[in-house]
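For reference, the chains in residue letters:
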Amino acid sequence: MMDILLMEPSSTNKRRRIADKLRGHDHTPFLSLADIKARLKNIRRVSTEHLNSHGQTLLTNLNKHTDVKVMFANSAVQAAAEIKRINEGRQIAINKSAVIANEIVPELVKYNLNIIETYYDEFKPFDNQLDEHLRLPNLDIESVLNAFQIASHPDISRKECVAKNGSKDFTGLIGIAAISASDGNVSLFQHMGNTGTVYEQAQKIILVAGLDKIVWDKDDAVFQTKCMAAFGWKGLPRPKNLYYKPNAGISIRNMPYEISPEDTEQEVHLILLDNGRTKIQKSEYKDLLTCIGCRACTINCPVSTFFHSSGKWNPKEYLYHYVQGRNPSTDLCLQCKTCRMNCPLDIDIPGLILNARADAMKNGKLPLMHSLLSNFENIAKWSSKTPFLANTLSKNALVRNLGETFTGVSSKRKMPEFQNLTFKKWFENRKNKEGHYNR
Ligand code: SF4
Ligand code: SF4
């Protein structure tokens, strides 16, 4: 069986660090923020440059494990069809990873499959673990990084749980934080307990890894997962908010164990997903593949809640799905550049958004409002030839409402009055017989 590591926050290391400080045993962190970022950038650079070769090495290594069924999917459509086949009509419990929420689930819902979101459910039986961790001050980046520890090996817990209880009648669909090409080690992350619970209790397990999640070895996979958790930490809503978040779906915790140990599937399915990643690797947007999914770019972005109707896209995802053709425009970005400052990999999302807008303009794909407003001289030229008609229309309520609907220009906005007398002509008219201009 491949080794699956599950990481989660623990307050132990933070407590130890704070106790040291209080006793005067202060120390400089071994790893500075610059060191951590440099190592992370190197891991991500290698991963992005070797997307295909790492994928091939990983496939070769995974095929040695008879208990893992591996599949390569070119698209989310293909992956969803495979998941449907494996699932055989059960409910599907998911974790909150971006690949599952943003790429796979939109395809699965087309099959009318019943999806159970488990993330917020884990905060219901809320103990003090996460709350205590959050209340402790952060002394340095190293203590934050080391606050995320390998909590368990879900494959071992699953075997124990199945032998004792059997399993529940659902499929666990879990997005991977990192997977190592050289040995197939899988690294998962959870804030409380949902991923571990899904892994232990599901009758079938399907793991999904985007090609960009493949790193070279286990150390890199663990380090990348810790960074994902540590840099995204500040963007996590506080437990109080999480606690009160209503859980719209069914809780897997309340489901009974219905499948006997003998009938519980022990094989794990793993889907390696391209879904446009190799195309992006060859494009000017390839830096997006270095993203670790920490969501730090969402912190202080003034408009990210408007990026998607569900509020789930961060700035990187807003652009990523535009490049992939799943988001019609990048208009909402205000170019404040906060996301770039917060990104541990310094991904220039605002710069790439500007490139995307320039490409759209070049290819004539600008939204109607932008096309009209950026070519206002044409509107002015034709309107000034027939000013009476243009001014009448621009004041007409029906025309203004239609304008708002189709171009996004508010019907309350006052338009300038058009005249057929140009400024040049008006100026010339002021010349007297002597050739001087009247004051
Ligand atoms: S530059 Fe755009 S995407 Fe980035 S934080 Fe500002 S508004 Fe959000
Ligand atoms: S783009 Fe956003 S999610 Fe990706 S690494 Fe940077 S901050 Fe994290």
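Provided above is the structure to which this section pertains.
The text that follows walks through the structure, step by step, so that each part is easy to find. Computed from a predicted model, the values in this text were never measured in an experiment.

### What to know about the overall build of the protein
Logical step 1: What the protein contains, in helices and strands, is 20 helices and 11 strands.
Logical step 2: In the protein, which comprises 439 residues, the proportion classed as buried is 48%.
Logical step 3: Here the analysis covers contacts within the protein between residues at least 6 apart in sequence; of these, 82% occur between residues at least 24 apart.
Logical step 4: Carbon and sulfur atoms form 54% of the exposed surface of the protein, whose accessible area is close to 22,600 Å².

### Section: the sheet that holds strand β11 (residues 268-273)
Logical step 1: Reading across from one edge, β2-β11-β9-β6-β3-β4 is the order of the six strands in this open sheet, with parallel pairing throughout. Strand pairing shows two members of the sheet lacking a second neighbour, β2 (68-73) and β4 (115-117), which therefore form its edges. For this sheet the average axis-to-axis angle between neighbouring strands, irrespective of direction, equals 25°.
Logical step 2: Looking at chain direction, β2 and β11 are connected through six bridges and run parallel. Bridging across to β11, Val70 finds its partner in Leu270.
Logical step 3: Helix-sheet contacts for helix α3 (residues 51-62) involve β2 and β11, and the interaxial angle to β11 is about 165°.
Logical step 4: Running over the sheet, helix α4 (residues 76-87) touches β2, β3 (91-94), β6 (168-175), β9 (202-210) and β11 and is turned about 170° from β11.

### What to know about the packing of aromatic side chains
Logical step 1: Enumeration according to the criterion identifies five aromatic pairs in this entry.
Logical step 2: Considering the side-chain rings of Phe148 and Phe189, the 5.6 Å spacing of their centres and the 65° angle between planes classify their relative orientation as edge-to-face. Note that Phe148 is positioned in strand β5 (residues 148-152) and Phe189 in strand β8 (residues 186-189), a separation of 41 residues in sequence.
Logical step 3: Look at Phe148 and you get buried, because its relative accessible area is 1%.
Logical step 4: Assessed through its relative accessible area of 14%, Phe189 is described here as buried.

### Section: the site of ligand 2
Logical step 1: Taken together, 13 residues sit near ligand 2, with Cys291, Cys294, Arg295, Cys297 and Cys343 positioned nearest.
Logical step 2: Class assignment of the residues belonging to the shell around ligand 2 gives a composition of 10 nonpolar, one polar and two charged.

### So, the site of ligand 1
Logical step 1: All residues in the neighbourhood of ligand 1 are listed as Cys301, Val303, Pro315, Cys333, Leu334, Gln335, Cys336, Lys337, Thr338, Cys339 and Pro350.
Logical step 2: Tallied by class, residues from the shell around ligand 1 come to eight nonpolar, two polar and one charged.

### Structural notes on the packing of helix α13 (residues 315-323) against helix α15 (residues 349-362)
Logical step 1: At a minimum axis distance of 10 Å, the contact between α13 and α15 shows a crossing angle of 25°. When the interaxial angle is binned, α13 and α15 end up roughly parallel. Viewed along their axes, α13 and α15 form a crossing whose handedness is left-handed. Contacts between α13 and α15 involve Pro315, Lys316, Leu319 and Tyr322 from the first element and Ile349, Leu352, Ile353, Ala356 and Ala360 from the second.
Logical step 2: Grouping the constituent residues of the contact of α13 with α15 by class yields eight nonpolar, no polar and one charged.

### Side note on the sheet that holds β8
Logical step 1: Judged by pairing direction, the sheet is mixed, and its five strands sit side by side in the order β5-β1-β8-β7-β10 without closing on themselves. Looking at strand neighbours, the two that pair on one side only are β5 and β10 (214-215), the edges of this open sheet.
Logical step 2: Here four bridges tie strand β1 (residues 4-9) to β5, and the two strands are oriented antiparallel to one another. In the sheet register, Met7 faces β5, and the bridge partner there is Ile150.

### Observations regarding the pattern of salt bridges
Logical step 1: This structure, assessed with the given rule, holds 15 salt bridges.
Logical step 2: Of the charged contacts in the structure, one is a salt bridge between Asp346 and Lys41, with a shortest N-O distance of 2.6 Å. Pair noted here: Asp346 is in the loop between α14 (338-342) and α15 and Lys41 is in helix α2 (residues 33-49), with a separation of 305 residues, a long-range link.
Logical step 3: A relative accessible area of 33% means that Lys41 is categorised as partly exposed.
Logical step 4: Here Glu107 ties to Lys110 by a salt bridge, and the two come within 3.1 Å at their closest N and O atoms.
Logical step 5: For Glu107, a relative accessible area of 17% corresponds to the buried category.
Logical step 6: Overall, Lys110 belongs to the exposed group, its relative accessible area being 60%.
Logical step 7: It is possible to trace a salt-bridge network through shared partners that takes in Glu88, Arg90, Asp169, Lys204 and Glu265.

Scoring rules and cut-offs
Each chain carries its own residue numbering, running from 1 in the written order of its sequence. Chain letters start at A and ligand numbers start at 1, both assigned in the order the entries are written. Note on the predicted model: pLDDT of at least 70 is required for a residue's local features to be given, and 80 or more for side-chain atom pairs to be given and counted; whole-chain, interface and lining totals, by contrast, use all residues. Based on all heavy atoms of the structure, the side-chain values leave hydrogens and waters out of the count. Counting from the N terminus, the helices are the DSSP runs of H or I reaching at least four residues and the strands are the DSSP runs of E reaching at least two. Accessibility here uses a 1.4 Å probe with only protein chains present; expressed as a share of the type maximum, an area under 20% marks a residue as buried, one over 50% as exposed, and anything in between as partly exposed. It only takes one pair of heavy atoms within 4.5 Å for two residues to be counted as in contact. Accessible areas in this description were obtained via Shrake-Rupley with a 1.4 Å probe; residue shielding takes into account the shown protein chains only. Should DSSP find at least two bridges between two strands, the strands are taken to pair. Structural elements are reduced to axes, namely lines fitted to C-alpha atoms, with helices fitted over the stretch in contact, and the angle between N-to-C directions of any two is expressed from 0 to 180 degrees. Ring geometry is summarised as follows: Phe, Tyr and Trp rings, the Trp one being its six-membered ring, pair when their centres sit within 6.5 Å, and such pairs are stacked at plane angles under 30 degrees, edge-to-face over 60 and tilted between the two. The cutoff for a nearby residue is simple: one of its non-hydrogen atoms must lie within 4 Å of the molecule or strand. Residue classes follow a fixed rule: Ala, Val, Leu, Ile, Met, Phe, Trp, Tyr, Cys and Pro count as nonpolar, while Asp, Glu, Lys and Arg count as charged, and any other residue, Gly among them, counts as polar. If an angle is under 35 degrees, it is roughly parallel; if it is over 145, roughly antiparallel; if it lies from 65 to 115, roughly perpendicular; otherwise it is oblique. Whether a crossing is left-handed or right-handed is set by the direction in which the near helix is turned from the far one by less than a right angle, anticlockwise for left-handed and clockwise for right-handed. Think of a salt bridge as a Lys or Arg side-chain nitrogen and an Asp or Glu carboxyl oxygen that are within 4 Å of each other.

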